[in-house]
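Close look at the chain arrangement
Next come the chains, spelled out residue by residue.
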Amino acid sequence: ELNGRLTILEALGYSPFWKHAYVSPSPLDRVAIMRDTLPTESGFVQEPQVFLIGGTIHMIYSGGPSLHHAWCPATSDPTDPLSWTKTGRVLGQGVGGVAGMADHSGVYVEDGTVYVYFRDADGGLSLATASTATPTALAYVGSVLTPPAGVSVPLANAFLLKRGPGDYLFYFEGLTTTPLW
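On a predicted model such as this, the values are computed, not experimentally measured, just so you know. (Residues numbered from 1 in each chain as written. Predicted model: local features only at pLDDT ≥ 70, side-chain atom pairs only at ≥ 80, totals over all residues. Heavy atoms only, no water.)

Observations regarding the side chain of serine 105
Here is the rule we go by: A helix here means a DSSP run of H or I that spans at least four residues, while a strand means a run of E at least two residues long, and both kinds are numbered starting from the N terminus. The buried label goes to any residue with under 20% of its type's maximum accessible area, the exposed label to any with over 50%, and the partly exposed label to all in between, with areas taken from a 1.4 Å probe on protein chains only. Two residues form a contact once any of their heavy atoms are found within 4.5 Å.
Mapping serine 105 onto the fold places it in strand E7 (residues 102-110). A residue is classified by how much of its surface remains accessible, and serine 105, at 0% relative accessible area, is buried. What serine 105 contacts, discounting residues up to four positions off in sequence, is Glu47, Gln49, Ile60, Ser62, Leu67, Val116, Tyr117, Phe118, Asn157 and Ala158.

This is the structure:
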């Protein structure tokens, strides 16, 4: 919950045609807050990852074969499209040390570092990081997971859960051509 206004972060999703990012205080009352307006977004805005640093709401989202960033002040209304400012491409297609594509991200923030897990051009999961002081200055760290044999759809949409002594990385594995059990 951000300022008591944004109660369902999950509602920050995409349209039936994956063209716009939406936000709402309820699933039935959604507002398009992000539209594909940059040439690098290749006609769509999808899979927003929202996080709060200080007094700023940040969003990393897939737009074309790369990740983009937008922000709005936490004191503003995040359901108002005019509150958001696009920063542009922050990872992929030669930006952030990633030559190929970067999309389907998951964001985790801890101890002054922004961790962005993303699908890479090889279909695996890779990691880029940035300081919370400059969250758009993402730098490629390396590959985290490669698809197991038999996976026909790449790994994607990862998020990290830190709980007790261990870390858990959840991700979408896609479709397999071999039985899982």
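Picking up where we left off.
Considering the packing of aromatic side chains
To keep it simple, the criterion reads: Note on aromatic pairs: the rings of Phe, Tyr and Trp (six-membered ring only in Trp) are paired at centre separations within 6.5 Å, and the planes decide the class, stacked below 30 degrees, edge-to-face beyond 60, tilted for the rest.
Following the criterion strictly, the structure yields 2 aromatic pairs and no others. Plain terms: the ring middles of tyrosine 108 and tyrosine 115 are 6.3 Å apart, the flat faces sit at 45 degrees to each other, and that makes the pair tilted. Residue tyrosine 108 is classed as buried on the basis of its relative accessible area of 16%.

Remarks on the confidence of the model for the chain
Inclusion rule: On a range of 0 to 100, pLDDT expresses the predictor's confidence in each residue.
Of all residues in the chain, 77% have pLDDT values of 70 or greater, and the mean over the chain is 78. Element-level pLDDT for the chain is lowest in strand E1 (residues 20-23), with a mean of 65, against a maximum mean of 94 in strand E9 (residues 125-131).

Some remarks on the environment of glycine 64
Secondary-structure assignment places glycine 64 in the loop between strand E4 (56-63) and strand E5 (66-73). The spacing of glycine 64 and valine 45 is 19 residues in sequence and 7.7 Å in space, taken between C-alpha atoms.

Some points on the pattern of salt bridges
A side chain with one charge may pair with a side chain of the opposite charge, provided their charged atoms come close. As a reminder of what qualifies: One side-chain nitrogen of Lys or Arg within 4 Å of one carboxyl oxygen of Asp or Glu is enough to make a salt bridge.
Evaluated as defined, the whole model comprises 2 salt bridges. In this structure, lysine 86 and glutamate 41 form a salt bridge, with 2.8 Å as the shortest nitrogen-oxygen distance. In this pair, lysine 86 is assigned in strand E6 (residues 85-91) and glutamate 41 in the loop between strand E2 (31-35) and strand E3 (46-53), connecting sequence segments 45 residues apart. Overall, glutamate 41 belongs to the buried group, its relative accessible area being 0%. A salt bridge links arginine 119 to aspartate 103; the nearest nitrogen and oxygen atoms lie 2.9 Å apart. In this pair, arginine 119 is assigned in strand E8 (residues 113-120) and aspartate 103 in strand E7, connecting sequence segments 16 residues apart. We note that arginine 119, like aspartate 103, is buried.

A look at the environment of alanine 32
Residue placement: alanine 32 occurs in strand E2. Judged by relative accessible area, alanine 32 falls into the buried class, the value being 12%. The sequence separation of alanine 32 and proline 81 amounts to 49 residues, and the corresponding C-alpha distance is 7.0 Å.

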